[in-house]
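The residues making up each chain are set out below.
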Amino acid sequence: MIRNLTQQGAVSADADVLVIGAGTVGLVIAAELAKAGLKVICLESGAEHQDADEHPLNEVVQTRSVYSGAAHGRFRCLGGSSTRWGGALIPFLEGDLKRRAWPIEHSEILSHLPAVERLFGLQAGSYETADVLGATASDYVARLAKWPPFAKRNVANLFAAEIASEAGPSIWLNATATDFEVENGRLISVTGRASCGSSITVRAQEIVLAAGAIETTRLLLLMDRQNGGAACAPDDQIGRYFHDHLSVAIGELKDADLRSLNRLIGFRFEAGGTMRNLRFELANESPFRETVPPHFVHIGFDKETTGGFDALRDAFRAVQRRRLPNINTLLRLVRGAPWLFKAVWWRFIEKRLLFPEGARLHVHMVIEQAPRPDNRISLSATRTDVFGQPLAEIDWSISEIDIAALRRAGDAFQKSWDQSPLSRLARFVRRPDEDAERDLSKGGGIYHPTGSTRMGDEPAKAVVDRNLNLFRIPNITVLSTSVLPNGGGANPTLMLLLLAQRSVQRLKKVFKVTE
C-alpha cells in the first residue's frame, strides 16, 4: 500500500523488515518479503513519479573531476532508476570475479538467475551466442544481453498488484531517511522525514539499505557519525574504492554491409516482446585478462537528424514511465511513417530492429575503472540538504592507469576484429588513441557506480560480508551496486538483482519463513 508522508505529522511504526529505497532492488526485496508473510515497511525519499531528469536531493559536492553520474542516472521515485534504465540484463562472466575480492562464488550468485528471468518475463537460456568472431578471435566471446519489454522494465509495474494490496509492503513516499539509532551493535530504528516537517520512525529487526550506490554510502556514513563512529570509522573502508565503468568510442565501421550487419548486430526481437543485443566481452581464459581489466564492446550508431526511430523510442520510454506518449511524440510517429513501415517488416520478418535513417556505426568500449582507495565518497563538512544533513562529497578522477588500460584493450579488440569474419562485413577504423583518451579523461562514468561499500571477507578490507551484512552492525543488509568489488565486463544491474534474490532467501531463513 502506498502512503505519502507529507502532512502526516509524527508517525511511528514497527516492522519485521525496513527497506530504505523503493527502486530497482528495494521494491523487489520489499515485495518478495511481504509475499512471504513478513511485515515490510519501505521508505522512499521521492514521490510516485519523477518527471525531471535531476532530483534536488541528489545534489553532491564534487572535488577533482566531475562525476556526471551524481546528477544523472539517479531517480528518486517509485521504481527508481528502473523507470528510465535501458534494460540490458546480463551476468558477469566468471573471469570477471577471478583474482578479485569476491567472497561469493560465481556459480552461487548465478543460481538465482531463473528467479530474476521469471520476474522480468525473460526466456531462459544462454547469454552467449554462436562464435561470430571465429576461432582465431578466441580472446573475446560474443554475448547477448536480455532486455525486458518496456512496460516490464519498471519494477513498479511488475509489482503493481502487491503495491496496491493491504498485504503488500507499506511504502511511504517523500520519506527521506535522516536519523539512525544504534543500540548494542544493532540498528533498531530509522526516522524518515518529509520537507513539510512530517516524520516517521520505524523500528525493525532487519534493515535493508537499497537507496542506490551514492545515497546508500552517504546514509551509512551518516549513521556512523550519528552513533559515535563505532560502525565503520575504525576500519576506514566505507566510501573508498568508488569507481564506475568508463565508456568511449574507439572507432568506426567503414565500407559496411549494412544489411548484413543489421541482421548480426541489430537488436533482436524474441517472444513476449523481449529483445537481445550483441556485445563482445573478454573471454574467461583470454591471456589478456592478465593485463587488461574486464570490458565489453558494442556497436552503436549516431545520425544527423531525428526521425521515426527517435519517435518510436520516446513512445516506448513513456510506457516504461507509466505515462502515455505526448502529442508531439505521436505527431513525430506520423511523420516518420516511411521508416516505420520498413521497421515493421524488419521486426516481423528479420526479427531485428532496423537501423535508423542515415546511421553511422561506431565501436564503443565500456571498460572497468581501476578501483582506487583515493576515489571515495565522504560527508561534506560545509554543505547540507533541506533536512540539515551533510551532502555526499565525491572525490573522484580517471587515472593514467585507466587511460593505459583503454589503449591495451583497444589493441586487443582490433586484433580480434581484424582476424574474425566480421572484417569481411566492415572495416574497423580505429580512432587515434589520443582522441579516445582525451574523451575518456573528460568522461564522468556511465551511471554504473560500484565499490564504495564493497563486500569482502574482513572489515579491514571491505564494508559488508558475503551476506551483504555490515560487519559491525549485522542486521543491516546493503543492496546496491556499491557492494560490487569491481565493475566487471557487463552492466551490473543483473548481478545486483541476483544478490537481491539471494538476500530474500537469507532473510526468509532469518525469520524462519517456510516455502
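Attention here is on the structure that accompanies the text.

Rules used throughout
- Residues numbered from 1 in each chain as written.
- Predicted model: local features only at pLDDT ≥ 70, side-chain atom pairs only at ≥ 80, totals over all residues.
- Heavy atoms only, no water.
- Pairing = 2+ DSSP bridges.
- Helix = DSSP H or I, 4+ residues; strand = E, 2+ residues; numbered from the N terminus.
- Axes fitted to C-alpha atoms, helices over the stretch in contact; angles between N-to-C directions.
- Contact = heavy atoms within 4.5 Å.
- Buried < 20%, exposed > 50% of the residue type's maximum accessible area, 1.4 Å probe, protein only.
- Salt bridge = Lys/Arg side-chain N within 4 Å of Asp/Glu carboxyl O.

## So, the sheet that holds strand S4 (residues 60–64)
Then, number 1: In space, the three strands of this open sheet follow the order S4-S16-S15, with mixed pairing throughout. Edge positions in the open sheet fall to S4 and strand S15 (376–384), since each of these has one partner strand only. Taking each pair of neighbouring strands and ignoring which way they run, the sheet shows an average axis angle of 35°.
Then, number 2: Pairing analysis gives five bridges linking S4 to strand S16 (residues 390–396), with the strands arranged parallel. Residue pairing in the sheet places Thr63 in a bridge with Asp395 of S16.
Then, number 3: Together, S4, S15 and S16 form the strand contacts of helix H7 (residues 213–226), whose direction differs from that of S15 by roughly 65°.

## Side note on the environment of Ala233
Then, number 1: Topologically, Ala233 is positioned in the loop between H7 and strand S10 (245–254).
Then, number 2: Overall, the relative accessible area of 44% leaves Ala233 in the partly exposed class.
Then, number 3: Between the C-alpha atoms of Ala233 and Leu221, which are 12 residues apart in sequence, the distance is 8.5 Å.

## Re the pattern of salt bridges
Then, number 1: On inspection of all chains with the given rule, the structure shows 31 salt bridges.
Then, number 2: We note a salt bridge from Glu281 to Arg279, for which the minimum N-O separation is 3.8 Å.
Then, number 3: On the basis of relative accessible area, Glu281 is assigned to the buried category, the value being 1%.
Then, number 4: Looking at Arg279, the relative accessible area reads 3%, which means it is buried.
Then, number 5: Residues joined in a network through salt bridges with shared partners are Arg407, Asp411, Arg430, Asp433 and Glu437.

## Here we look at the environment of Asp255
Then, number 1: Position of Asp255 among the secondary structure elements: in the loop between S10 and helix H8 (258–265).
Then, number 2: The exposure class of Asp255 is exposed, given its relative accessible area of 62%.
Then, number 3: Considered as a pair, Asp255 and Arg427 are 172 residues apart in the sequence and their alpha carbons are 6.3 Å apart.
Then, number 4: Contacts of Asp255, omitting those with residues within four sequence positions, involve Leu425, Ala426 and Arg427.

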